[in-house]
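This is what each chain is made of:
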Amino acid sequence: MNLYEAIFVRKSVRSYTGESLSPQVLDKLKAHFRELTGLFGGIETDMAVLDNRKGQQRMLSLFSVKAPYYLVFYSGEAPRYLMNMGYLMEQMVLYMCSIGIGTCYIGSNKIRKELQVKDGKKMVGIVAFGKARGSHVRKQAEARRLTLDQICVFKEVPRQWMRQLLDAARLSPSSANSQPWRFVVYDNRIHIFSRKHKAEQLKKWDEVNFGIMFANLMVAAEEMWLDVDLIRLEDISQKNFPNSQYVLSAILKS
């Protein structure tokens, strides 16, 4: 299974066997994170593996998903650093799915104080992981997501590769399954908007959500040999939209 295939079958695993992963596998995860490229340059990031096989991380186990291990992601603070970290986290989650490891994003920040900062970088997100009790994948049809017609406005008839790209973005996980993304689609470009929330808690996580979605989008583009530039267009950003907020545009070249 490659990363693109993982997009369509990965599920959030909330029950784990407690079985140990080998030190070699854990080292492999750390090495893979070091090789990743962020969405934006110049932002320092780091990742730590927490062992919970003996219940050492009681606060996380009590307030979120109980798992044998947790990945904790850290970032320096900079413009769009939350989006950048969501982009890195999703790449890690897809990679872990591809090698048979179950994962689950967790929203809890109930973690020991000494673990909330690492070398001056702030904790941004946590992922539970380990050997799944049962399957770590599901059928694509089992994913509870809005349809393309519900999240896209098609200004031109989309080609097949455009629909495949959008489908990968559509299947992205999001906090509380909020699915905040909306797309205005032309033949070779996608204008990406965030649906405005009334709940402040959902707004807080939107940057991370969009980073996750952009990771899926870029993984799919690479699979289909498409060049994608993510840019912010000033003529759109200066407009006021009553129910949504402009995020970025994806310019595609096949």
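Further up the page is the structure itself.
So, a few notes on the structure that sits alongside this text. (Residues numbered from 1 in each chain as written. Predicted model: local features only at pLDDT ≥ 70, side-chain atom pairs only at ≥ 80, totals over all residues. Heavy atoms only, no water.)

**Notes on the overall build of the protein**
Then, in step 1: Of the regular secondary structure elements, the protein holds eight helices and 10 strands.
Then, in step 2: For 254 residues, the compact-globule estimate of 2.2 N^0.38 gives 18 Å, and the protein sits close to it at 18 Å.
Then, in step 3: Along the first, second and third principal axes, the C-alpha atoms of the protein reach 55 × 35 × 35 Å.
Then, in step 4: For the protein, the proportion of its 254 residues judged to be buried stands at 51%.
Then, in step 5: Long-range contacts, defined as pairs at least 24 residues apart, comprise 75% of the intrachain contacts of the protein with a sequence gap of at least 6.
Then, in step 6: Only carbon and sulfur atoms are counted for the fraction: they give 49% of the accessible area of the protein, which is about 12800 Å².
Then, in step 7: Charge separation in the protein, taken as the distance between the mean sites of 37 positive and 25 negative side-chain charges, equals 8 Å. (Helix = DSSP H or I, 4+ residues; strand = E, 2+ residues; numbered from the N terminus. Rg over C-alpha atoms; globule rule 2.2 N^0.38 Å. Buried < 20%, exposed > 50% of the residue type's maximum accessible area, 1.4 Å probe, protein only. Contact = heavy atoms within 4.5 Å. Areas by Shrake-Rupley, 256 points an atom, 1.4 Å probe, with all protein chains shown as cover. Lys, Arg positive; Asp, Glu negative; His and termini not counted. Charge placed at Lys NZ, Arg CZ, Asp CG, Glu CD.)

**Remarks on the environment of Pro-173**
Then, in step 1: Following the sequence through the fold, Pro-173 ends up in the loop between α6 (160–170) and β7 (181–185).
Then, in step 2: Here Pro-173 is in contact with Arg-10, Glu-90, Tyr-105, Arg-145, Trp-181 and Ile-212, once residues within four sequence places are set aside.

**Looking at the packing of aromatic side chains**
Within a pair of aromatic rings, the relevant descriptors are the distance that separates the centres and the angle that separates the planes.
Then, in step 1: Enumeration according to the criterion identifies six aromatic pairs in this entry.
Then, in step 2: Plain terms: the ring middles of Tyr-4 and Phe-8 are 5.0 Å apart, the flat faces sit at 75 degrees to each other, and that makes the pair edge-to-face. Here the residue Tyr-4 and the residue Phe-8 both occupy positions in helix α1 (residues 3–9), the gap between them amounting to four residues, near one helical turn.
Then, in step 3: When its relative accessible area of 13% is taken as the criterion, Tyr-4 is described as buried.
Then, in step 4: Among the residues examined, Phe-8 registers a relative accessible area of 12% and is labelled buried.
Then, in step 5: For the ring pair Tyr-69 and Phe-129, a centre distance of 5.3 Å and an interplane angle of 20 degrees mean the geometry is stacked. Within this pair, whereas Tyr-69 is found in strand β2 (residues 69–75), its partner Phe-129 is found in strand β5 (residues 121–130), the two being separated by 60 residues in sequence. Comparing Tyr-69 with Phe-129, the two get one shared label, buried.
Then, in step 6: Following the ring pairs from residue to residue traces out a cluster consisting of Trp-181, Phe-210 and Phe-214. (Phe/Tyr/Trp six-rings, centres within 6.5 Å; stacked < 30°, edge-to-face > 60°.)

**Looking at the pattern of salt bridges**
Then, in step 1: Evaluation of the coordinates by the stated rule reveals six salt bridges.
Then, in step 2: One salt bridge connects Lys-118 with Asp-46, and the closest N-O pair in it is separated by 2.7 Å. Of this pair, Lys-118 sits in strand β4 (residues 117–118) while Asp-46 sits in strand β1 (residues 45–51), and the two are 72 residues apart along the sequence.
Then, in step 3: You can call Asp-46 buried: its relative accessible area is 19%.
Then, in step 4: Between Arg-53 and Asp-51 there is a salt bridge, with the nearest N and O atoms lying 2.5 Å from each other.
Then, in step 5: Classification of Asp-51 as partly exposed rests on a relative accessible area of 24%. (Salt bridge = Lys/Arg side-chain N within 4 Å of Asp/Glu carboxyl O.)

**Notes on α6**
Then, in step 1: Among the 11 residues in α6, eight count as buried, and that is most of the element.
Then, in step 2: For α6, every residue scored as buried is listed here: Trp-161, Met-162, Leu-165, Leu-166, Asp-167, Ala-168, Ala-169 and Arg-170.

**Some remarks on the environment of Cys-97**
Then, in step 1: As for its position among the elements, Cys-97 is in helix α4 (residues 81–98).
Then, in step 2: Through-space distance from the C-alpha of Cys-97 to that of Arg-10 is 6.3 Å; in sequence the pair is 87 residues apart.
Then, in step 3: Leave out the neighbours within four places in its chain, and Cys-97 touches Met-1, Ala-6, Arg-10, His-136 and Val-137.

**Notes on the sheet that holds strand β10 (residues 244–253)**
Then, in step 1: Strand order in the open sheet formed by five strands is β6-β7-β8-β10-β9, with mixed pairing between adjacent strands. For this open sheet the edge positions go to β6 (152–154) and β9 (227–231), each flanked by a neighbour on one side alone. Here the strands of the sheet are splayed against their neighbours by 20 degrees on average, with no regard to which way each runs.
Then, in step 2: Where β6 lies against β7, three bridges are found, and the strand directions are parallel. Within the sheet, the bridge partner assigned to Phe-154 lies in β7 and is Val-185.
Then, in step 3: Where α6 meets the sheet, it contacts β6, β7, β8 (189–195) and β10, and its direction lies at approximately 170 degrees from that of β7. (Pairing = 2+ DSSP bridges. Axes fitted to C-alpha atoms, helices over the stretch in contact; angles between N-to-C directions.)

**A few points about unusual backbone geometry**
Then, in step 1: The backbone of Asp-119 sits at a positive phi, close to 50 degrees, despite the residue not being glycine.
Then, in step 2: Within the fold, Asp-119 resides in the loop between β4 and β5.
Then, in step 3: Even without being a glycine, Asn-177 presents a positive backbone phi close to 50 degrees.
Then, in step 4: Residue classification places Asn-177 among the partly exposed residues on the basis of a relative accessible area of 22%.

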